[in-house]
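Observations on the three-dimensional arrangement
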Amino acid sequence: MDAGAIPNPTGDILQRSQEPDELPGLYIHIPFCLRKCVYCDFYSSTDLTLIPNFLAALRREMNLNKDFKSVFDTVYIGGGTPSVLTPAVLERLIGDILTAFTITPGAEITVEANPDDMTPERLAALRRAGVNRLNIGCQSFDDESLAFLGRRHRARQAVETIHMTRDAGFNNLGIDLIYGLPGPPGDAFAIWLATLRTALAFHPEHLSCYQLTVETDTPLADLCRKGEIALPDRDIQARYFSRTADILEEAGYLHYEVSSFALGNRFHSRHNSKYWNHTPYLGLGPAAHSFDGRQRRWNHRSVTAYLKDLAAGKPPVADSELLSDEQLRLEALFLGLRTRRGIDLADVKRRYGEDLLVEKEKILKKLKEEKLVEIRNGFLVPTRAGMAVADSLALI
Amino acid sequence: MNNIRNFSIIAHIDHGKSTLADRLIQYTGVVNARDFQDQILDNMDIERERGITIKSQAISLPYQAKDGRSYALNLIDTPGHVDFTYEVSRSLASCEGVLLLIDAAQGVQAQTLANLYLAMEHDLTIVPVINKIDLPSADVERVIEQIDSELGLDSDTHLKCSAKEGTGIEEILEAIVARIPPPKGDAEEPLAALIFDAKYDAFRGTVIYCRIFNGQVKAGDIIRLMYNSATYRVEEVGRFILRREKRESLAAGEVGYIIAGVKTVSDVRTGDTITLESRPCANPLPGFREVKPVVFASIYPIASDDYEDLAVSLEKYKLNDASFVYEKDSSAALGQGFRCGFLGLLHLDIVQERLEREYDLSIILSVPSVRYRFTLKDGTMIYVDNPAHYPEPMSIIKSEEPYIRATMMLPERYLGAVMKLCMEKRGVNSTLNYPNPGRAELIYEMPLAEVIFDFYDRFKSVTQGYGSFDYDLIDYREGSLALLDILVNGEKVDALSQIVHRERARARGLQACERLKEEIPRQMFKIAIQGAIGGEVISRTTISAFRKDVIAKCYGGDISRKRKLLEKQKKGKKRMKMIGNVSIPQSAFLAVLKSDTE
């Protein structure tokens, strides 16, 4: 694609949004993994020899975007596995990002980390670079579950890593966990509860509890198709969901998004919330998506295609879409209904000319009776049961 | 006239009628091989797929016989279902003879016999033809034996062929010439032409298919349709050689078409007689019957925006189906629609399928109803074929429903099962005859409502296809009726309301609830489905809610993908009907009105 044909995603609209809540977020995708997990369909390459070229290309992409006058208040370095980079490389990369873009003081700077490659040196490097939030892909504290998921680490390593991060001085720690693995329902459920309790013992500031989801073209999808494993049905999934929320809320966590729990409002993922609030974001690296409030564009998934475009001085954009009001409205609904914040009814009315309270009066009345939604302070807010069916709610 | 033969092919379903027609057409060289499309007479997709013939057609085959003379062999195709018995009888009335086709493997079947009797009623010459002699399972000897013993025909007269392989075709053509008598009639007499079909042509208006019995007709003549005395100027006459072929005139004995500026097919009635305005014949040809719809149902578009399209499509459809009637209707739950009348349930199925297929419409049908008669306190008598117009129960002093006389032919061994079925369907006053040894003729008087519901399918199933069934409306009889409503989460779904006999109410209510339960997908909340008469709930079932429907992760790159999925779901939802807060798929409406033969 011709460089000139790609509309500038961050220009006007990123500058438009100067409300503190609406400052855009910056995402960097590190597309390398030492090994691919059974369930993952995120883009990653296992060819680590491409790393030096990738870093050079990423810098070029940063340069192509650095003229933007917008200010970012979150940075999220994900993957892939950012921790495949050596401490020094990682430290320098983060330094470059912070120089290339204007980042607010006090910005949330997150790095995704895996338990199998964290060392005190690496953690110290991240601290020095200014990283103030770590998200650790623990997934489970049960070795058998970890083996099934194709993770490289064992439960003991995850525990050690968490201690290490605390020792390194990180006081905003997120832990990712996965539930809904195959196995006899009672056993699988008990294993999940044990994992959850283990995680709670570390008092992480943030917990993401994802239901294991079958994505197409993953080894997991193959296993399911061949009938070698069976994942829990919808009713059991609902039980996991609701029991997990019970336990975490009791432990003082705020269930602020379908899969996300924060130890108080202060520790919600500010970066991820931008996705759910339709706040603009700039994504760099292969397969990264950018959104300017109206247009979404995405980079090549393949590292080689990404490298090729940047070598030619072109933005490595694979394609883009301009969202119609109808599409924006649908996104606003299904994203908003994922969150405890809900949907700002006045905002929907202003942007899309639709007064949900009037036009969906009958169904909203029914959904309120069924305790799936509430109307609070001008927001349409899903209850916990409502969050569990957010995709259906969005289609009212 | 001596060089004309008018004939039909009659057979049990799947005994190879269309294939034989194709072979005759091919053999006489009407079409070259390249243009040839299998089963050329069935030119509607539905006919081809279902293997049934809905609209009859005619084709003239030029044939040079072994006697050295040229003949015009007019093959008149006939529809093959009880809903269309009248049309069959009009087609047969246009012939002098029939080929009675029998499958060499299956032998004589129910429709073989029923069709034979129809042909006999019209005094037609019958040529038995044993088809599919190439099948490994063919048992020609047994079929010859059956021709003699079961059909009572001279078994020496039979012919053998394989329509599939194209063997025995010449012998059949020769037999048509030699055995079927040429038509009688007098070209000098006043015109008397029998209408056996009509088709709408977008450019020419209605094309009338007819058989000339007496007199002749040519372009410029003023013709009169005897039933309604309407007159038209003839624009063109001709014969069918697959396509219309214009001719100077049509004379006694011939089969052909007349184009006379008739705007819609419904202005022309099958079975009516055409004569000349200037020199009319004294009496119409015998056998005319006005075809009246006996089954009524409403049609609604799934998306209310499609109402106008539906209106236009019905108008177009009606051009080609004289027996279909409709008028505007509206439903509280389903919006604007049309109330339609049909000859029977198969006719209803065909109309629905053609609207969906040819006009690309998604429609919902209400539960079919017959026309009931109520006498009210104020002395008035009203007819109601739409549950929405069911009178205030307190005002009714007498409820009556239409009864039919059902005539069934079946092998004696199925008698017990069929009698049980008839009694279950509230049949009364039975008579039993044995026209041939081993075969029974069973006559029952039954409420029409029971017959339209799922009688025919079950009859076929208990007689394993060996039974044939025909019926006539006889009268109205008093019955205890009630209006059964179906409620989904407390909202009445008026398309599912039905007028039922009180005895049957609970069973019908339960069946409707169960069917809906199978078809309505689980939703975010529990759905209660109830059958009720007045305020009293007589059946109920519930569909539990699903409690999980959200993707676990949704970040930057997932949003577009997820939105596309939801857009797709949203489109699917638009094809469902919202009743109250519940999305009901089209299949649910259909399921309620389907029979339960499985």
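Nothing here was measured: the structure is a model prediction, and the numbers come from that model. (Residues numbered from 1 in each chain as written. Chains lettered and ligands numbered in written order. Predicted model: local features only at pLDDT ≥ 70, side-chain atom pairs only at ≥ 80, totals over all residues.)

Now for the overall build of chain B. A tally of regular secondary structure across chain B gives 13 helices and 33 strands. By the compact-globule yardstick of 25 Å for 598 residues, chain B fits well, its C-alpha radius of gyration being 27 Å. Its C-alpha atoms give chain B principal-axis dimensions of roughly 80 × 60 × 55 Å. Looking at chain B as a whole, 47% of its 598 residues qualify as buried. Sequence-distant contacts in chain B: of pairs separated by 6 or more residues, those separated by 24 or more amount to 70%. (Helix = DSSP H or I, 4+ residues; strand = E, 2+ residues; numbered from the N terminus. Rg over C-alpha atoms; globule rule 2.2 N^0.38 Å. Buried ≥ 20, exposed ≤ 12 C-beta atoms within 10 Å, placed from the backbone. Contact = placed C-beta atoms within 7 Å.)

The helix and strand inventory of chain A stands at 17 helices and 15 strands. What you see for chain A is a C-alpha radius of gyration of 21 Å, in line with the 21 Å of a compact globule of 396 residues. For chain A, the C-alpha atoms occupy an extent of roughly 55 × 50 × 45 Å along the three principal directions. The buried share among the 396 residues of chain A stands at 46%. Considering only contacts within chain A whose residues lie at least 6 apart along the sequence, 70% involve residues at least 24 apart.

All names here are of chain B. The sheet built from 8 strands is open, its strands ordered β11-β10-β16-β7-β8-β15-β12-β13 with antiparallel pairing. Either end of the sheet is taken by a strand with one partner, and the two such strands are β11 (230-233) and β13 (243-247). Neighbouring strand axes in the sheet, compared pairwise and without regard to direction, differ in orientation by 40° on average. Direction of pairing for strand β12 (residues 236-241) relative to β13: antiparallel, over a ladder of 5 bridges. Bridged to Val237 within β13 is Arg247. (Pairing = 2+ DSSP bridges. Axes fitted to C-alpha atoms, helices over the stretch in contact; angles between N-to-C directions.)

On to the sheet that holds strand β4 (residues 97-103) of chain B. In sheet architecture, strand pairing relies on hydrogen bonds along the backbone and comes in two forms, parallel and antiparallel. Residue and element names in this part refer to chain B. With mixed pairing, the 6 strands of this open sheet are ordered in space as β2-β3-β1-β4-β5-β6. In the strand order of this sheet, the two ends are held by β2 (58-64) and β6 (159-160), each with one partner. The pairing of β2 with strand β3 (residues 70-76) spans 7 bridges and is classified as antiparallel. Note on β3: the bridge partner recorded for Ser60 is Asn74.

Our focus in this paragraph is the interface of chain A and chain B. Taken residue by residue, the interface counts 40 residues in chain A and 24 residues in chain B. Classifying every residue of the side of chain A that touches chain B gives 21 nonpolar, 9 polar and 10 charged. (Nonpolar A, V, L, I, M, F, W, Y, C, P; charged D, E, K, R; others polar.)

Before going further, it helps to spend a moment on the pairing of strand β15 (residues 379-382) of chain A. All names here are of chain A. On β15, burial follows the alternation: Leu380 and Pro382 on one face are buried, whereas Phe379 and Val381 on the facing-out side are not. Pairing geometry for strand β13 (residues 343-344) and β15, over 2 bridges, is antiparallel. In the strand pairing of β15, Asp344 is matched with Phe379. Between strand β14 (residues 373-376) and the antiparallel strand that follows it, β15, lie 2 residues; Asn377 among them carries a positive phi value of about 50°.

Another point: the packing of helix α12 (residues 325-336) of chain A against helix α12 (residues 558-574) of chain B. Two elements in contact, α12(A) and α12(B), have axes whose closest approach is 10 Å; the angle formed by their N-to-C orientations is 100°. Here α12(B) runs roughly perpendicular to α12(A), going by the angle between their axes. Side by side, α12(A) and α12(B) meet where A:Gln327, A:Leu330, A:Glu331, A:Phe334 and A:Leu335 of the first sit next to B:Ile559, B:Lys562, B:Arg563, B:Leu566 and B:Glu567 of the second. Of the residues assigned to the contact of α12(A) with α12(B), the class counts are 5 nonpolar, 1 polar and 4 charged. (Parallel < 35°, antiparallel > 145°, perpendicular 65-115°, else oblique.)

Our focus in this paragraph is the domain arrangement of chain B. Residues and elements named next belong to chain B. Domains assigned within chain B are domain 1 (4-179), domain 2 (192-276), domain 3 (295-365), domain 4 (372-479) and domain 5 (482-593). Computed from C-alpha atoms alone, the centre-to-centre distance between domain 4 and domain 5 is 32 Å. Each partner contributes to the interface: domain 4 provides 8 residues, whereas domain 5 provides 7 residues. For the side of domain 4 that touches domain 5, the per-class residue count stands at 6 nonpolar, 1 polar and 1 charged. (Domains from an automatic or database assignment.)

All right, on to unusual backbone geometry then. Residue and element names in this part refer to chain A. Following Gly79, the chain continues into Gly80 via a peptide bond in cis, with omega recorded as 25°. For Gly80, the position within the fold is in the loop between β2 (71-79) and α3 (87-100). Look at Gln139: it is not a glycine, yet its phi comes out positive at around 70°. Note on placement: Gln139 falls in strand β4 (residues 133-139). On the basis of neighbour counts, which here come to 27 C-beta atoms within 10 Å, the residue Gln139 falls in the buried class.

A common way to state how big an interface is: give the accessible area lost once the parts meet. Residue and element names in this part refer to chain A. Looking at the assigned domains, one finds that chain A contains domain 1 (3-276) and domain 2 (325-393). Every element with two or more residues in the side of domain 1 that touches domain 2 is listed here: α9 (234-250) and β7 (254-257). When its residues are assigned to classes, the side of domain 1 that touches domain 2 shows 6 nonpolar, 2 polar and 1 charged.

Turning to the pairing of strand β9 (residues 281-284) of chain A, a few remarks are in order. Residue and element names in this part refer to chain A. Residues Tyr281 and Gly283 point to one face of β9 and Leu282 and Leu284 to the other, with burial holding for every one of them. Here 4 bridges tie strand β1 (residues 25-30) to β9, and the two strands are oriented parallel to one another. Looking across to β9, one finds that Leu26 is bridged to Leu282.

B:Val98, B:Leu100, B:Ile208, B:Cys210 and B:Ile258 are the most contacted members of the largest nonpolar core, which totals 169 residues. By residue number, the principal contributor to this core is helix α10 (residues 448-462) of chain B, which donates 8 residues. Setting aside its immediate chain neighbours within four residues, B:Leu100 contacts B:Ile10, B:Thr112, B:Leu116, B:Ile126, B:Val127, B:Pro128 and B:Val129. By size, the runner-up hydrophobic cluster in this structure holds 107 residues, among which are A:Cys33, A:Tyr43, A:Leu212 and A:Tyr275. (Core = buried A, V, L, I, M, F, W, Y, C linked by C-beta atoms within 7 Å.)

Okay, the packing of helix α11 (residues 502-519) of chain B against helix α13 (residues 586-593) of chain B next. Axes are the key here: two packed helices are described by the angle between their axes and the distance separating the axes. Residues and elements named next belong to chain B. Two elements in contact, α11 and α13, have axes whose closest approach is 9 Å; the angle formed by their N-to-C orientations is 150°. It follows from the interaxial angle that α11 and α13 lie roughly antiparallel. Helix-helix and strand crossings are classified by hand; for α11 and α13 the assignment is right-handed. Contacts between α11 and α13 involve Ala512, Arg515, Leu516, Glu518 and Glu519 from the first element and Ser587, Ala588, Ala591 and Val592 from the second. (Left-handed = near helix turned anticlockwise from the far one by under 90°.)

Between its first and last C-alpha atoms α12(A) spans 16 Å; for 12 residues at 1.5 Å apiece the expected length is 16 Å, and the two agree. Turning to α12(A), its buried residues are A:Leu330, A:Glu331, A:Ala332, A:Leu333, A:Phe334, A:Leu335 and A:Gly336. Where α12(A) is buried, its residues meet α10 (270-276), β13, α13 (345-352) and α17 (390-393) of chain A together with α12 of chain B. (Expected span 1.5 Å × (residues − 1).)

Turning next to the environment of A:Ser392. If you trace the backbone, A:Ser392 turns up in helix α17. With 24 C-beta atoms counted inside 10 Å, the residue A:Ser392 sits in the buried group. Sequence-distant contacts of A:Ser392, defined by excluding residues within four places in its chain, comprise B:Met524 and B:Asp549.

With that settled, the discussion passes to the environment of B:Val418. Residues and elements named next belong to chain B. Position of Val418 relative to the elements: it lies in helix α9 (residues 415-424). Given 21 C-beta atoms within 10 Å, Val418 falls into the buried group. Separated by 395 residues in the primary sequence, Val418 and Arg23 have C-alpha atoms spaced 38 Å apart. With near-sequence residues (within four places) excluded, Val418 lies in contact with Met408, Leu410, Leu442, Phe459, Val462, Thr463 and Gly467.

Looking at where B:Ser587 falls in the secondary structure, it is placed in helix α13. In sequence terms B:Ser587 and B:Glu518 are 69 residues apart; their C-alpha atoms lie 9.8 Å from each other.

Now for the confidence of the model for chain B. Residues and elements named next belong to chain B. Overall, the prediction assigns chain B a mean pLDDT of 87, with 93% of residues at 70 or greater. The model gives residues 50-56 a pLDDT under 50, and that stretch makes 26 contacts with residues more than four places away or in other chains. This complex was scored by the predictor with a pTM of 0.71 and an ipTM of 0.90. (pLDDT = per-residue confidence, 0-100.)

Here the focus is the confidence of the model for chain A. A residue-level look at chain A finds 94% of positions with pLDDT of 70 or above and a mean pLDDT of 91. In the model, residues 1-20 of chain A has pLDDT below 50 throughout and makes 34 contacts with residues more than four positions away in sequence or in other chains.

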